[in-house]
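# Structure assessment
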Amino acid sequence: MYTVLMEHECACFVKSEYTNNNTFKTQREAYSYAKTVAELMNDEFCGKHTFESEIAQDNCFVIRVALNAKAASGCSTGVTCDVGCDSTDDWALENTETEGCGSGCGCA
């Protein structure tokens with residue numbers, strides 16, 4: 001089994017139809033899902049964050065989250081979402097642990 005995990009769930013992710021910790025039978029399915037979902041979130045969400053999928057250890061794919069430097073002064077995408085660009089998340093990228101992906105799936 002292969003697992004696709006969100007590194008952090010921002011407010012847009014929480015309000016979306018997407019789910020975290022999805023499992024797939026093949027590596028190809030997991031890779032395709034992770035890449036597609038990251039691209040869709042970059043297009044659909046408010047633009048405060050950027051999303052990129054990458055392979056991790058122990059059959060995991062992680063969708064990494066980063067602050068969007070272009071959106072630091074406000075929305076640059078022109079796309080709106082349910083929470084708006086002035087929303088705040090209850091986590092900060094600066095406080096991210098570097099050990100594993102934080103999912104408990106065993107990737108380091």
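Bear in mind that the values here come from a model prediction, so they are computed numbers and not experimental data.

### Re the side chain of Glu 7
- When you line up the elements, Glu 7 lands in the loop between β1 (2–6) and α1 (11–15).
- By relative accessible area, Glu 7 is classed as buried at 17%.
- Here the side chain of Glu 7 touches Val 65 through a polar contact of 2.8 Å, landing on its backbone nitrogen.

### Examining the sheet that holds β1
- On the basis of which strands lie adjacent, the open sheet formed by four strands has the order β2-β1-β4-β3 and mixed pairing. Of all the strands in the sheet, the pair left with one neighbour each is β2 (22–24) and β3 (49–55). Geometrically, the sheet is characterised by an average inter-axis angle of 20° between neighbouring strands, direction not taken into account.
- Two elements, β1 and β2, share three bridges in a ladder whose sense is antiparallel. Bridged to Tyr 2 within β2 is Phe 24.

### Describing the pattern of salt bridges
- Applying the stated criterion across every chain, the model contains two salt bridges.
- For Arg 64, the salt bridge is made with Glu 7, and the minimal N-O distance between the two is 3.2 Å. Placement of Arg 64 in strand β4 (residues 60–67) and of Glu 7 in the loop between β1 and α1 is noted, with a sequence separation of 57 residues between them.
- Overlapping salt bridges, with partners in common, bring together Glu 7, Glu 54 and Arg 64 in one network.

Reading guide: rules and limits
- Every residue gets a number counted from 1 within its own chain, in the order that chain's sequence is written.
- A pLDDT threshold of at least 70 governs which residues receive local features in this predicted model, and a stricter bar of 80 or more applies before side-chain atom pairs are shown or counted, although totals over entire chains, interfaces and linings include all residues.
- In computing side-chain values, all of the structure's heavy atoms are included and hydrogens and water are not.
- The way it works is that DSSP assigns letters per residue, a run of H or I at least four long becomes a helix, a run of E at least two long becomes a strand, and they are numbered from the N terminus.
- Residue burial is assigned from relative accessible area. The probe radius is 1.4 Å, only protein chains are included, and a residue is buried under 20% of its type maximum, exposed over 50%, and partly exposed in between.
- Polar contact is the term for a pair of N or O atoms within 3.5 Å; when the atoms are in protein, one must be able to donate a hydrogen and the other to accept it, and sequence-neighboring residues count only if both atoms are side-chain atoms.
- Any two strands are treated as partners once DSSP identifies two or more bridges connecting them.
- Whenever a helix is involved, its axis is fitted only over the stretch in contact; in every case the axis is a line through C-alpha atoms, and angles between N-to-C directions fall within 0 to 180 degrees.
- Each salt bridge in this description consists of a side-chain nitrogen of Lys or Arg and a carboxyl oxygen of Asp or Glu lying within 4 Å of one another.

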